[in-house]
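Observations on the three-dimensional arrangement
Read off the chains here:
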Amino acid sequence: TTSFGERHNKSHTTCRRCGKVSFHIQKKRCASCGYPRAKTRNYTNIKAKGRRTIGTGRMRYQKTMTRRFKHGFREGTQAKKQTA
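All figures in this text were calculated on a predicted structure; none of them were measured in a lab. (Residues numbered from 1 in each chain as written. Predicted model: local features only at pLDDT ≥ 70, side-chain atom pairs only at ≥ 80, totals over all residues. Heavy atoms only, no water.)

**As for a positive patch on the surface**
Taken together, Arg17, Lys20, Arg29, Arg37, Arg41, Lys47, Arg51 and Arg52 make up a surface patch of like positive charges. Per-element accounting of the positive patch gives the leading share, three residues, to helix α1 (residues 46–52). When you line up the elements, Arg41 lands in the loop between β3 (29–30) and α1. (Patch = residues over 30% accessible without salt bridge, like charges linked within 9 Å, V, L, I, M, F, W, Y side chains within 5 Å. Areas by Shrake-Rupley, 256 points an atom, 1.4 Å probe, with all protein chains shown as cover. Salt bridge = Lys/Arg side-chain N within 4 Å of Asp/Glu carboxyl O. Lys, Arg positive; Asp, Glu negative; His and termini not counted. Charge placed at Lys NZ, Arg CZ, Asp CG, Glu CD. Helix = DSSP H or I, 4+ residues; strand = E, 2+ residues; numbered from the N terminus.)

Here it is as structure tokens:
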């Protein structure tokens with residue numbers, strides 16, 4: 001309809017924290033992550049939680065944890081020579 005042509009004001013812009021276009025300019029609050037609130041907005045939507053939970057990023061520290069856990073977090077030791 002003709003009234004759709006009058007839609008040229010943006011209510012939401014890009015959020016600093018989550019990067020989504022969910023930051024409400026007048027309210028100064030992100031609809032997605034809740035920024036500037038200290039805690040991230042989180043509702044028990046399983047699908048939405050899977051998009052931003054542990055394992056969705058690089059996991060620079062955590063990806064080595066399972067391997068190190070198997071051997072009791074040993075460090076700085078040398079492997080013993082195997083005799084045939």
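**Examining the packing of aromatic side chains**
How two aromatic rings sit relative to each other is set out by the distance from centre to centre and by the angle between their planes. Under the defined criterion, the tally for this structure stands at two aromatic pairs. With centroids separated by 6.2 Å and ring planes inclined at 55°, the aromatic side chains of Phe23 and Tyr35 adopt a geometry described as tilted. Taken as a pair, Phe23 in strand β2 (residues 23–24) and Tyr35 in the loop between β3 and α1 lie far apart in primary sequence, 12 residues in all. Note on Phe23: relative accessible area 15%, which makes it buried. On the accessibility criterion, Tyr35 (22% relative accessible area) is partly exposed. On the basis of an interplanar angle of 70° and a centroid distance of 6.2 Å, the ring pair of Phe69 and Phe73 is categorised as edge-to-face. Using a relative accessible area of 60% as the deciding quantity, one classes Phe69 as exposed. Looking at Arg7, its charged tip hangs above the ring of Phe4, at a distance of 4.1 Å from the centre. (Phe/Tyr/Trp six-rings, centres within 6.5 Å; stacked < 30°, edge-to-face > 60°. Buried < 20%, exposed > 50% of the residue type's maximum accessible area, 1.4 Å probe, protein only. Lys NZ or Arg CZ within 6 Å of the ring centre and 35° of its normal.)

**Some thoughts on the environment of Phe73**
Considering the arrangement of structural elements, one finds Phe73 in the segment after α2 (65–70). The contact partners of Phe73, leaving out residues within four places of it in the chain, are Met65 and Arg68. (Contact = heavy atoms within 4.5 Å.)

**As for unusual backbone geometry**
The peptide bond linking Tyr35 to Pro36 adopts the cis configuration, its omega dihedral lying at 10°. Residue placement: Pro36 occurs in the loop between β3 and α1. Here the phi dihedral of Lys28 falls at roughly 55°; this positive angle occurs in a residue that is not glycine. The topology assignment puts Lys28 in the loop between β2 and β3. We classify Lys28 as exposed; its relative accessible area is 52%. Of note in the backbone geometry, Phe73 takes a positive phi value of approximately 55° without being a glycine.

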